[in-house]
Amino acid sequence: MRRYARVYAACVRNCLVRELEFRANFALSTTANLGWAILSMLLAGMIFGNVRQVAGWDLDRMFLVIGTYVMVEHVTSVLFQPNMAKLSELVNRGELDFVLMKPISSQFLVSARYVDFKDLPGVFVGLAYVLVGVQRLELRPGPIEVGLYLLLVVCATLAVYALWFITVTFSLWTGRVNNIAYLIVPVTDLARVPTDVFRGLARPLLTFAIPVALIATLPAKALLGVLEPGMASYQVGLTAALLWTSHRFWRYSLTRYSSASS
Amino acid sequence: MLYLALWRIGLQEALQYRAESVIWFLFDVLPPIMMVFLWLTAYEGQASVAGYSLQAMLQYTVGVMVLRNVVTAHVEWDVSYQIRQGTLSMHLVRPMNTWALWFMTGLAARTVRALMLLPVLLACLVWLGSYLETPEWGTGIGALAASLVLAYMISFFTKLGIGFLAFWLTDITGTLTLVEVVAWVFGGMLLPLELLPDVLRPIAALLPFQYIYHVPMSLLLGRLDPAEVQTTLGVQAAWAGGLVLLAGAIWQRGLRRYEAVGG
């Protein structure tokens, strides 16, 4: 465990140094990514400024949903986006071999080698939205609500990672699909609206199978104090199951992997 | 004949990368579907939102899904990649208009998208049936067709100009992201502009993006009176013309720079 922490610290330092080398590009990309964080709230404002409520959600409550969505989206981008984007490249160039030779978990190294600081400011924008929501609703969340909220946000981050990793692991099977790292993005974007608005099969699918409700709607409910304890437990289980699946699938896919070079 | 051949080559290229196409397709299809769900629930509590009935709102949402797929150009990636990699030189020495090449491959990509969209659209018709039944072909199909062609021109030449920025920038992603954000909000790419707060409405009028999405949709829904239709089409044409000139100016300056780099 100590060894992994040391390796990770070295990776983070290395990424920071590289980032500071191209400062103009860094500044432009950071601004652009902030744009998305602002867009999410603007779109919600356009809808909920004209609609009193949708399935019990009004503009004030949407600050909690959008804030949490922006936070989780940016945290997963900071920690995982560059790694997920690079995996199919590693496979196609045969460079995955170098990863496999290193005396460290290969899933750890391909998932955590790079950190993208450009999305870091967005995390604070999301947090600010949540705080505005808490203020406007005059919420006084107790330690249980806050604890449950943080637990679900951590679960959401891990669940999104696991799902993301499962989708990019397919590049060991399919060969070249350049944008496979983007497959998950339009799906997790569905977390921008409360999952309660979905009907038919879509709602159970996005709540119990694909962790979309977990990204924003369920944490927001936890903060509002209206989340059933059973649902929270289920989501922790779902996260664990997704993480386990991602690891098994990676190990299994590696047995089928026959490098690009040899 | 040459241009038809270019279109066919573009079709073959687009069909070669099917898995990629499906992933990009999701980006343009899932957000409107999400909005259909949201509107169906939202209208349970009120009959009208910013002057839109449920029927009009669903028609706007499904209509904009079509525009995102069929009328939105994505030529900027090809163009910037060819500039960065220097493969542009190969096209420049050929006895053919380079812009025409991009225009035809762009059209081919839209053709493939239209085919992909067809089953989704049919599913929407089955799902939402009565809501989508009677588009009030407000001002006739001619004006709508003209508006759609102009919308594609506006989108194409905006994206072409952005692609040309690769003459100066190593990475256009940041610029493109900013433009996309602005188009989402001020173009009506997901929500009708009537939902914008009054303070922000004038900004939309100063930008070309509403002429790609919001204006054709307003025509389809019959929200413009006949006198307005003429002037709106005129403004749309002016934007298309202006953007051609702008892209041309960037292209000329960029080429000078490109040759200088290539030695």
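Overview of the structure. (Residues numbered from 1 in each chain as written. Chains lettered and ligands numbered in written order. Predicted model: local features only at pLDDT ≥ 70, side-chain atom pairs only at ≥ 80, totals over all residues. Heavy atoms only, no water.)

The next thing to look at is a nonpolar patch on the surface. Residues and elements named next belong to chain A. Residues L120, F124, L127 and L131 make up a contiguous nonpolar surface patch of roughly 380 Å² in combined accessible area. Turning to its location among the elements, L131 is positioned in helix α6 (residues 120-136). For L131, a relative accessible area of 52% gives the class exposed. (Patch = residues over 30% accessible without salt bridge, like charges linked within 9 Å, V, L, I, M, F, W, Y side chains within 5 Å. Areas by Shrake-Rupley, 256 points an atom, 1.4 Å probe, with all protein chains shown as cover. Salt bridge = Lys/Arg side-chain N within 4 Å of Asp/Glu carboxyl O. Helix = DSSP H or I, 4+ residues; strand = E, 2+ residues; numbered from the N terminus. Buried < 20%, exposed > 50% of the residue type's maximum accessible area, 1.4 Å probe, protein only.)

Residue and element names in this part refer to chain B. Throughout the structure, instances matching the rule amount to three cavities of 30 Å³ or more. Approximately 110 Å³ is the volume attributed to the largest cavity. Residue lining of the largest cavity: T72, S155, T158, K159, L176, V179, E180, A183, M189, F209, I212 and Y213, and that is the complete set. Elements represented by at least two residues in the lining of the largest cavity include exactly α7 (140-164) and α8 (173-186). It is α8 that provides the largest number of residues to the lining of the largest cavity, a total of four residues. A class-by-class count of the residues in the lining of the largest cavity yields seven nonpolar, three polar and two charged. Its boundaries defined by the atoms lining it, the second largest cavity holds a volume of some 80 Å³. (1 Å grid on protein atoms, 1.4 Å probe; cavity = no way out; pocket = protein on both sides within 12 Å on 5 of 7 lines; lining within 4 Å. Points joined across faces, edges and corners; volume = space filled by probe spheres on them. Nonpolar A, V, L, I, M, F, W, Y, C, P; charged D, E, K, R; others polar.)

A few words now on the nonpolar core. Core analysis: the biggest nonpolar cluster contains 163 residues, and A:L96, B:W39, B:W102 and B:F164 have the highest contact counts within it. Considering every element that reaches this core, the biggest residue donor is helix α3 (residues 59-92) of chain A, with 14 residues. Residues in contact with B:W102, not counting those within four places in the same chain, are B:V75, B:V79, B:Q82, B:L88, B:F156, B:L160, B:F164 and B:W251. (Core = buried A, V, L, I, M, F, W, Y, C linked by side-chain atoms within 4.5 Å. Contact = heavy atoms within 4.5 Å.)

A word on helix α12 (residues 229-256) of chain A. With 28 residues, α12(A) should reach 40 Å at 1.5 Å per residue; the first-to-last C-alpha distance of 41 Å fits that figure. Three or more residues of α12(A) are buried, namely A:M231, A:A232, A:Q235, A:L238, A:T239, A:L242, A:S246, A:F249, A:W250, A:S253 and A:L254. (Expected span 1.5 Å × (residues − 1).)

Turning our attention to the environment of A:V99. Residues and elements named next belong to chain A. On the secondary structure map, V99 appears in helix α4 (residues 96-101). With eleven residues separating them along the chain, V99 and V110 place their C-alpha atoms 7.4 Å apart. If we skip the residues at most four places from it in the chain, V99 touches L90, S106, L109 and V110.

Counting from both sides, the interface comprises 35 residues of chain A and, opposite them, 35 residues of chain B. Buried surface at the junction of chain A and chain B, both sides included, amounts to about 3,300 Å², of which 76% is carbon and sulfur. For the chain A face of the interface with chain B, the top three residues by lost area are A:M46, A:N179 and A:R199, together amounting to 19%. Here chain A and chain B share one salt bridge between them. The salt bridge involving A:R199 is made with B:E44; its shortest N-O contact spans 2.8 Å. Here chain A is connected to chain B by eight residue pairs in polar contact (both at pLDDT 80 or more). Mapped onto the side of chain A that touches chain B, the elements with two or more residues apiece are α2 (23-48) and α9 (185-188) of chain A. It is α2(A) that contributes the most residues to the side of chain A that touches chain B, twelve residues altogether. (Buried area = accessible area lost by both parts, 1.4 Å probe. Polar contact = N/O pair within 3.5 Å; in protein donor to acceptor, adjacent residues only side chain to side chain.)

So, on to the layout of surface pockets. Empty space among the atoms becomes apparent when a probe as large as a water molecule is rolled across them. All names here are of chain B. In this structure, the second largest pocket encloses a volume near 700 Å³. For the second largest pocket, the lining is made up of 23 residues, of which G63, V66, L67, L148 and L220 are closest to its centre. Of all elements in the fold, only α3 (54-70), α6 (98-132), α7 and α10 (214-220) reach the threshold of two or more residues within the lining of the second largest pocket. Within the lining of the second largest pocket, the residues separate by chemical class into 20 nonpolar, two polar and one charged.

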